[in-house]
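Chain residues, written in single-letter form:
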Amino acid sequence: MGYIIAAFCFFCAAVNYLATKKWHAPIVFFMSLWGVISLLAALKLFDLYEVSIRTWLLFLLGFVAFLLGCYFAKVLRARPVANRGDRVLFSVRYSVFHVAIVIVVLVYLVYSWDALKLYLQGYGMDEVRLIYYDLQSVNGGASHGALMEIFRQYIVTPFELIVTPLCIVEYMQNNRKRYLLCSVLLVLLNVVATGSRFVIAYYIIQLAIAFVVYKKRIVMSRRMKRFVKLLLALTAAGIVLVTFLRAGTVENIVKKYYRYICGCIPYLDNRLGYIDSLGFFSAGIASFFGFVQPIWFVLQNLGIFGYSARYLQIIDTVLDTQVFVKIGWDTYTNAFVTPIYHLYADLGLIGIILGMMLFGMIAYGAYNGLERRFDVKSVTFYLIIARMLFKSIQFYPLTSVEFALGLVFFGFFFAKQKNSPKGGNGIEENG
């Protein structure tokens, strides 16, 4: 069944690529990604466990819903809107942008300094990562306190989500090298502080998409092209280096990459039975936890009302995905549960349909804005959405506070241009 799902994904991606000729289009990118994941899971390398037909059918349902969401977004954005002759464009609020960069750099410097001290004590990157996320204690380790952790989670990570791709766009659009160097610094600090490889993968995807998009729209010098290609090669090498430092041997590297890429499917297969055994739906709390958590946190601390028993139960059961589960004869994984997990926990099959349709509409709406408006805001927003599409390997993106609050803060980084050119096409542009 896995081969059939993989073939379906590749077919949809190929059809859309022939229509758009753009690999970064949401359907091409998302369906190709999940085609690879499904194919690798179906191969069952390293004695990976067989995935049930039921789980594969849930994925198929989710993929179809995503495609329908993209289609609905395409239809809605193609409808003419009366009295909308102006084509609204946006520019960067540099005061907000620069303050956000300073905040992110300073906080990551603090965490990077503490991580360096751990490295000097003999801790590995895997251990530093566990310590960063409070999954492992350390004697004599620095404690940043509750306020610092709240600030990092609710402010710093959403800001980092925005400023990194915005730095890339500023370089591509205005040839401001200091912003590209700043984006590299942000990635390096993140890697040192968290031991993460995925932040490098996000950067490669966003830089590659921005490069392809701008190369077709503006005159790009050969020097800039060579520099971007070199940076892409170096960041790709960086992933291998960090993986080697965490895995140690070539065999472990291959096995780890395989587990990271496709282990999410057998992991979901294992967790579905657990979700069914709970006997209740989380009713939107799991999938939209990125919005729910900060709102409930504020209300609770203002004394308006405390956390309900059911809310705490959902956190302790549905949202606790850090437990390692055996997905093969000698393979364990955690955390990577796919977007299907949270949607299914919220409302079963209906949750998968509605959630994946929403995801498709958001993704295609962002892509439509990029293609039609092509200003700094639309390009940056689609780079964030591309990161969300890739992050779907792990969870439904709006489960994360980083993504949810990033979308909330995003609009504050931009302002409408005073003299927007006339569109003249009667089509409403993304605002």
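These numbers were taken from a predicted model, which means no experiment stands behind them.

Before going further, it helps to examine the packing of aromatic side chains. Tallying each qualifying case throughout the model produces 35 aromatic pairs. Both rings, one in Phe-159 and one in Phe-409, keep their centres 5.6 Å apart while their planes meet at 65°; by these two values the pair is edge-to-face. Residue Phe-159 is located in helix α6 (residues 145-174), and its partner Phe-409 is located in helix α16 (residues 401-410); the two are separated by 250 residues in the primary sequence. Per residue, the accessibility class of Phe-159 equals that of Phe-409, and both read buried. Taken together, the aromatic side chains of Phe-30, Trp-34, Trp-56, Phe-59, Phe-63, Phe-66, Phe-288, Phe-359 and Tyr-396 make up a single cluster linked through ring pairs.

So, on to the pattern of salt bridges. When the charged atoms of two side chains with opposite charge come close together, those side chains can pair. Tallying each qualifying case throughout the model produces eleven salt bridges. The salt bridge involving Lys-22 is made with Glu-371; its shortest N-O contact spans 2.4 Å. In this pair, Lys-22 is assigned in the loop between α1 (2-20) and α2 (26-43) and Glu-371 in helix α14 (residues 338-372), connecting sequence segments 349 residues apart. With a closest N to O distance of 3.6 Å, Glu-160 and Arg-387 form a salt bridge. With Glu-160 in helix α6 and Arg-387 in helix α15 (residues 376-391), this residue pair connects regions lying 227 residues apart in the sequence. As far as the burial class goes, Glu-160 and Arg-387 line up, both buried.

What follows covers the environment of Phe-413. For Phe-413, the location among the structural elements is in the loop between α16 and β4 (414-416). Between the alpha carbons of Phe-413 and Val-15 there is a distance of 36 Å; along the sequence they are 398 residues apart. Ignoring sequence-local partners within four residues, the contact set of Phe-413 consists of Ser-91, Val-92, Arg-93, Val-96, Phe-97, Ala-100, Phe-159, Ile-162, Val-163 and Leu-166.

As a further point, take the nonpolar core. Residues Trp-34, Met-172 and Phe-413 are the most contacted members of the largest nonpolar core, which totals 139 residues. With 15 residues, helix α8 (residues 198-217) is the largest single contributor of residues to this core. When residues no more than four places from it in sequence are discounted, the contact partners of Trp-34 are Cys-9, Phe-59, Phe-63, Cys-264, Ile-265, Thr-338, Pro-339, Ser-392 and Ile-393.

Our focus in this paragraph is a nonpolar patch on the surface. A cluster of nonpolar side chains, namely Tyr-3, Phe-10, Val-36, Leu-39, Leu-43, Leu-45, Phe-46, Val-250, Val-254 and Ile-261, defines an oily patch on the protein surface of about 810 Å² accessible area. Elements with a contribution of two residues or more to the nonpolar patch: α1, α2 and α10 (250-262). One can find Val-254 in helix α10. Take Val-254: its relative accessible area is 43%, and that puts it in the partly exposed class.

Another aspect to go through is the confidence of the model for the chain. Averaged over all residues, the pLDDT of the chain is 88; the fraction at 70 or higher stands at 90%. Between the elements of the chain, mean pLDDT differs from a low of 76, seen in helix α5 (residues 125-132), to a high of 97, seen in α2. Within the model, pLDDT remains below 50 along residues 421-431, and this stretch shows 32 contacts once partners closer than five positions in the same chain are excluded.

This part is about a positive patch on the surface. Positive charge collects at one region of the surface, where Lys-177, Arg-222, Arg-223 and Arg-226 lie side by side. By residue number, the principal contributor to the positive patch is helix α9 (residues 222-247), which donates three residues. With respect to the element layout, Arg-223 can be found in helix α9. The class for Arg-223 is exposed, based on a relative accessible area of 61%.

Moving on: the state of the cysteines. Considering all chains together, one arrives at zero disulfides under this definition. Looking at the unpaired Cys-262, the closest cysteine sulfur is the one in Cys-264, lying at 7.1 Å. Using a relative accessible area of 0% as the deciding quantity, one classes Cys-264 as buried.

Running from N to C, α2 and α14 cross one another at 140°; their axes reach a closest spacing of 9 Å. As far as their axial angle goes, α14 and α2 are oblique. Residue-level contacts link Pro-26, Phe-30 and Trp-34 of α2 to Thr-338, Pro-339, Met-356, Phe-359, Ala-363, Tyr-364 and Tyr-367 of α14. A per-class count over the contact of α2 with α14 returns nine nonpolar, one polar and no charged.

In this structure, strand β2 (residues 325-328) lies alongside strand β3 (residues 331-333), joined through three bridges in antiparallel fashion. By the bridge assignment for β3, Gly-328 is matched with Thr-331. Here β2 hands over to β3 after two residues, the two strands then running antiparallel side by side.

Attention now moves to unusual backbone geometry. Positioned with a positive phi, Phe-46 is a non-glycine residue whose angle comes to about 55°. With respect to the element layout, Phe-46 can be found in the loop between α2 and α3 (53-78). In this structure, Ala-283 takes a positive phi of about 55° despite not being glycine. Position of Ala-283 relative to the elements: it lies in the loop between α11 (264-278) and α12 (289-301). Classification of Ala-283 as exposed rests on a relative accessible area of 61%.

This paragraph deals with the packing of α6 against α8. Look at α6 against α8: their axes get within 10 Å of each other, and the N-to-C directions meet at 35°. Considering the relative orientation of α6 and α8, their crossing is right-handed. Between α6, through Glu-160, Thr-164, Pro-165, Ile-168, Val-169, Met-172 and Gln-173, and α8, the contact on the second element is made entirely by Val-199, Tyr-203, Gln-206, Leu-207, Ala-210, Phe-211 and Tyr-214. Of the residues belonging to the contact of α6 with α8, the class tally is ten nonpolar, three polar and one charged.

Cut-offs used in this document
Residues numbered from 1 in each chain as written. Predicted model: local features only at pLDDT ≥ 70, side-chain atom pairs only at ≥ 80, totals over all residues. Heavy atoms only, no water. Phe/Tyr/Trp six-rings, centres within 6.5 Å; stacked < 30°, edge-to-face > 60°. Helix = DSSP H or I, 4+ residues; strand = E, 2+ residues; numbered from the N terminus. Buried < 20%, exposed > 50% of the residue type's maximum accessible area, 1.4 Å probe, protein only. Salt bridge = Lys/Arg side-chain N within 4 Å of Asp/Glu carboxyl O. Contact = heavy atoms within 4.5 Å. Core = buried A, V, L, I, M, F, W, Y, C linked by side-chain atoms within 4.5 Å. Patch = residues over 30% accessible without salt bridge, like charges linked within 9 Å, V, L, I, M, F, W, Y side chains within 5 Å. Areas by Shrake-Rupley, 256 points an atom, 1.4 Å probe, with all protein chains shown as cover. pLDDT = per-residue confidence, 0-100. Lys, Arg positive; Asp, Glu negative; His and termini not counted. Charge placed at Lys NZ, Arg CZ, Asp CG, Glu CD. Disulfide = S-S within 2.5 Å. Axes fitted to C-alpha atoms, helices over the stretch in contact; angles between N-to-C directions. Parallel < 35°, antiparallel > 145°, perpendicular 65-115°, else oblique. Nonpolar A, V, L, I, M, F, W, Y, C, P; charged D, E, K, R; others polar. Pairing = 2+ DSSP bridges. Left-handed = near helix turned anticlockwise from the far one by under 90°.

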